[in-house]
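# Coordinate inspection notes
Okay, here's what each chain looks like letter by letter:
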Amino acid sequence: MEFIELKNVFKVYTNGVSALADVSLSISKGEFVFVIGESGSGKSTLTKLLYREEKPNRGSVYVGGINVAKLRNSNVYKLRRKIGVVFQDFKLLPKLTVYENIAYPLESYGMKSDEIRNRVLKAVERVGLKDKLRSYPNQLSGGEQQRVCIARAIVNEPKLIICDEPTGDLDPKMSKEIMDVLDTINKDLESTIIMATHDKEIVNRMKKRVIYLHNGVLVSDKKKGNYIEDENI
Ligand code: ADP
């Protein structure tokens, strides 16, 4: 079995909206995959199924051999510890420093402070923010804030990193920096990265696998793909 496998997944929200229809796909360990498509095509829903923010109505979702669709609620936290998630809107805690924002999840696991310190410093070094540890989020640029989020996501060195429009609020230069950081993490930590985006320029430059959703249906899956626009289906 591959690291990630979705089989015949359907997701209909309680209001009757069909977000994913009969989606099947598999992703190997260490792959870098873009999930693209117009707004509302189901990209976020797909990522949410992987970290069990949502459950499918039908079909199976395997992550590391576990059917996360069937995972008991009381075990979801174990899955989440193994997955780093990066969002468009950062979700940093404004009253905590960069160091504290990154350390926070580890503290909640009850990890020793020496171990936390080692991990935070390593993560911060990977994203190139060593000199900003004592800054607060509002003292950082958008690109720097997103790098803090990436550091927070990788502090456990997860085998899976999910990014939902991580460059959505950033200008092209900052977006490129973020993509360089993610590319390096993909290579150095050998983490699988799944990134939902509609940033055409990034997708075309990176030459990674591209999965294309249209109205919740997986219509194309290409190695070293380019951005696809709806009119080109
Ligand atoms: P994308 O990430 O590609 O913009 P989403 O996965 O967010 O797409 O949304 C897919 C569809 O599901 C859209 O029609 C959206 O309005 C709908 N949707 C998403 N989340 C919910 C929700 N919690 N409740 C109801 N409908 C939702």
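Residues numbered from 1 in each chain as written. Predicted model: local features only at pLDDT ≥ 70, side-chain atom pairs only at ≥ 80, totals over all residues. Heavy atoms only, no water.

### A look at the pairing of strand β6 (residues 83–87)
For the record, the criterion: Summary of the burial criterion: residues with accessible area below 20% of their type's maximum are buried, those above 50% are exposed, and those between are partly exposed, where the area comes from a 1.4 Å probe applied to protein chains only. Numbering goes from the N terminus for both helices and strands, where a helix is a DSSP run of H or I of at least four residues and a strand is a run of E of at least two. Here, any two strands with at least 2 DSSP bridges between them count as paired.
By the criterion of burial, β6 is predominantly enclosed, with four of the five residues buried. As paired elements, β6 and strand β7 (residues 160–164) share five bridges and run parallel to each other. Note that in β7 the partner of Phe-87 across the bridge is Asp-164.

### Digging into the side chain of Ser-60
Our working definition: Two residues form a contact once any of their heavy atoms are found within 4.5 Å.
Along the polypeptide, Ser-60 turns up in strand β4 (residues 58–63). Look past the residues within four positions of Ser-60 in its chain and what remains in contact with it is Glu-5, Leu-6, Lys-7, Val-9 and Asn-67.

### Structural notes on the pairing of strand β1 (residues 4–12)
One ladder, built from six bridges, connects β1 with strand β2 (residues 18–27); its direction is antiparallel. What sits directly across from Glu-5, in β2, is Ser-26. Linking two consecutive strands that pair antiparallel, namely β1 and β2, is a turn of five residues; a positive phi of about 95° is found at Gly-16 within it.

### Quick look at helix α1 (residues 43–50)
Most of α1 is tucked away, with six of its eight residues classed as buried. For α1, the complete set of buried residues consists of Lys-43, Thr-45, Leu-46, Thr-47, Leu-49 and Leu-50.

### Side note on the site of the ligand
What counts, and what does not: Here a residue is near a molecule or strand as soon as one of its heavy atoms is found within 4 Å of it. In protein, a polar contact means a hydrogen-donor-capable atom and an acceptor-capable atom, both N or O and within 3.5 Å, with residues adjacent in sequence counting only if both atoms are side-chain atoms; elsewhere, any N or O pair within 3.5 Å suffices. Every accessible area reported is derived by Shrake-Rupley at a probe size of 1.4 Å, with residue values counting cover from the shown protein chains alone.
The environment of the ligand is made up of Tyr-13, Asn-15, Val-17, Ala-19, Glu-38, Ser-39, Gly-40, Ser-41, Gly-42, Lys-43, Ser-44 and Thr-45. For the ligand, an oxygen atom lies 3.1 Å from a polar atom in the backbone of Gly-42. Interatomic distance of 2.8 Å between a backbone N/O atom of Ser-44 and an oxygen atom of the ligand. Protein coverage of the free-state accessible area of the ligand, which is 560 Å², stands at 65%. By residue number, the principal contributor to the shell around the ligand is α1, which donates three residues.

This is a description of form; function is not addressed.
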